[in-house]
Amino acid sequence: QSDKTEAVGHEAHAMLGRTPANITTIRPLRDGVIADFEAAERLLSHLIRKAQGSVTWRRTRLVIGIPSSITQVERRAVVDSAYRAKASEVHLVEEPMAAAIGAGLPITDAAGSMVVDIGGGTTDIAVISLGGMVYTSAIRTAGNHMDDAIINFMRRRHGLLIGERTAENVKIRLGSACPGEPVRDMEVRGRCMREGRPRIVEVTEPEVRDALAEPLRAIVGAVRGALECVPPEIAADIYEQGMVLTGGGALLTRLDERLRQETGVPVRVADEPLTSVVKGAGRMLGDTALLRRVAWVA
């Protein structure tokens, strides 16, 4: 078996669960940290080449978003991988800070801004004031864990084995954080555990909400914990300004409504939650003073 990379990103994701014996799909990152160093370096090298285009002599400055919960050793591993992938300058920024900048929050003002960034591997919560983190926490419960919860639910409730891509599709189409109208349903295809043959099952929105109950309870609990820990003046700012949801998990139907009910704080979803962290990183690349203020020094 060769070490050749067949596909990266969306193309590789489309291959999940469909590869022949001689091709393996790898997730270089799991729970927000590097799980496979070699694959992570290949991914970074590919992205750097793609960004450079035909101009290969250009110095490559990287701003990499990291979960706020990772250790110094894990941060160093990210930096080392980036330098081995031929980056000339590397800056690490905690993802909730990048998300807040990308969502347009006034992070340098003398007022508290709260961001909840629900990614694939981690949910990062931060309260930011005067360009710094007043409070930060992270839990390793996020989008991927919702997919796992749906896979386990389908196995338990319907005796149906489904893959990660199918689970993600169910989450996107039927996932919700609290009841609403209209009640949706869809057909889910997989393999019957008892008979071993392909089978189709009809699944409803309330069933998927039951499947997601545990991950959602963890995220809501972490947000409530954050609100209990911030100083009174900043708590007043948050109750006035509200919190902002970013990351792919923010797109879960009625999640903002659920958090509003559970916390009593106004909640809004960022305009483009999937790209908030990337937009924030891009803005920092063009604003050296802001980057120096918020980046982690390697």
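Structure first, text after, so check above.
The rules behind the values
- Residues numbered from 1 in each chain as written.
- Predicted model: local features only at pLDDT ≥ 70, side-chain atom pairs only at ≥ 80, totals over all residues.
- Heavy atoms only, no water.
- Buried < 20%, exposed > 50% of the residue type's maximum accessible area, 1.4 Å probe, protein only.
- Helix = DSSP H or I, 4+ residues; strand = E, 2+ residues; numbered from the N terminus.
- Salt bridge = Lys/Arg side-chain N within 4 Å of Asp/Glu carboxyl O.
- 1 Å grid on protein atoms, 1.4 Å probe; cavity = no way out; pocket = protein on both sides within 12 Å on 5 of 7 lines; lining within 4 Å.
- Points joined across faces, edges and corners; volume = space filled by probe spheres on them.
- Nonpolar A, V, L, I, M, F, W, Y, C, P; charged D, E, K, R; others polar.
- Contact = heavy atoms within 4.5 Å.
- Core = buried A, V, L, I, M, F, W, Y, C linked by side-chain atoms within 4.5 Å.
- Arc of directions from axis to C-beta.
- Pairing = 2+ DSSP bridges.
- Axes fitted to C-alpha atoms, helices over the stretch in contact; angles between N-to-C directions.

### Re helix α4 (residues 95–102)
Consideration 1: Taking burial as the measure, the 8 residues of α4 include 7 buried ones, the bulk of the element.
Consideration 2: All of the buried residues along α4 are Glu95, Pro96, Met97, Ala98, Ala99, Ala100 and Ile101.

### Description of the pattern of salt bridges
Consideration 1: Under the defined criterion, the tally for this structure stands at 19 salt bridges.
Consideration 2: A salt bridge links Glu38 to Arg42; its shortest N-O distance comes to 3.0 Å. Of the two residues, Glu38 and Arg42 both sit in helix α2 (residues 37–52), 4 residues apart, roughly one turn of that helix.
Consideration 3: Its relative accessible area of 29% is what places Arg42 among the partly exposed residues.
Consideration 4: Residue Arg224 pairs with Glu262 through a salt bridge whose shortest N-O separation is 3.2 Å. In this pair, Arg224 is assigned in helix α8 (residues 213–229) and Glu262 in helix α10 (residues 255–263), connecting sequence segments 38 residues apart.
Consideration 5: Residue classification places Arg224 among the partly exposed residues on the basis of a relative accessible area of 40%.
Consideration 6: Taken together, the shared-partner salt bridges connect Arg184, Glu205, Arg209 and Arg254 into one network.

### Comments concerning the layout of surface pockets
Consideration 1: A volume near 160 Å³ is recorded for the second largest pocket.
Consideration 2: Every residue lining the second largest pocket is listed: Arg27, Arg30, Asp31, Asn144, His145, Asp147, Asp148, Ile151 and Glu164.
Consideration 3: Of the residues assigned to the lining of the second largest pocket, the class counts are 1 nonpolar, 2 polar and 6 charged.

### Some details on the environment of His158
Consideration 1: Within the fold, His158 resides in helix α5 (residues 143–158).
Consideration 2: Sequence separation between His158 and Glu233 is 75 residues, and the spatial gap between their C-alpha atoms is 50 Å.
Consideration 3: Excluding residues within four positions of it along the chain, His158 makes contact with Phe153, Arg199, Val201, Glu202, Val203 and Glu207.

### Notes on the nonpolar core
Consideration 1: Among the nonpolar cores identified, the biggest contains 44 residues, and Met114, Ile150 and Met154 are the most heavily contacted of them.
Consideration 2: Sorting elements by how many residues they give to this core places α8 first, with 7 residues.
Consideration 3: Among residues more than four places away in sequence, those in contact with Met154 are Gly159, Leu160, Ile162, Val188, Val201 and Val203.
Consideration 4: Counting 20 residues, the second largest nonpolar core, distinct from the first, contains Ala99, Ala126, Val294 and Ala295.

### Comments concerning helix α9 (residues 232–241)
Consideration 1: Among all positions of α9, only Ile234, Ala235, Asp237 and Ile238 are buried. All buried residues of α9 lie within an arc of 155 degrees about the axis, which places them on one face of the element. Among the exposed residues of α9, those pointing more than 90 degrees away from its buried face are Pro232, Glu233 and Glu240.
Consideration 2: Packed against the buried residues of α9 are β5 (113–118), β6 (123–129), β7 (132–139) and α8.

### A look at the sheet that holds strand β8 (residues 160–161)
Consideration 1: With antiparallel pairing, 3 strands are arranged side by side in an open sheet as β8-β9-β10. Bordering the open sheet on either side are β8 and β10 (198–204), each of which pairs with just one other strand.
Consideration 2: As paired strands, strand β9 (residues 185–192) and β10 are joined by 7 bridges and run antiparallel to one another. Residue pairing in the sheet places Arg189 in a bridge with Ile200 of β10.
Consideration 3: Running at roughly 105 degrees to β10, α5 makes contact with β8, β9 and β10 of the sheet.
Consideration 4: The strands touched by helix α6 (residues 164–174) within the sheet are β9 and β10, with β9 carrying the most contacts at an inclination of about 165 degrees.

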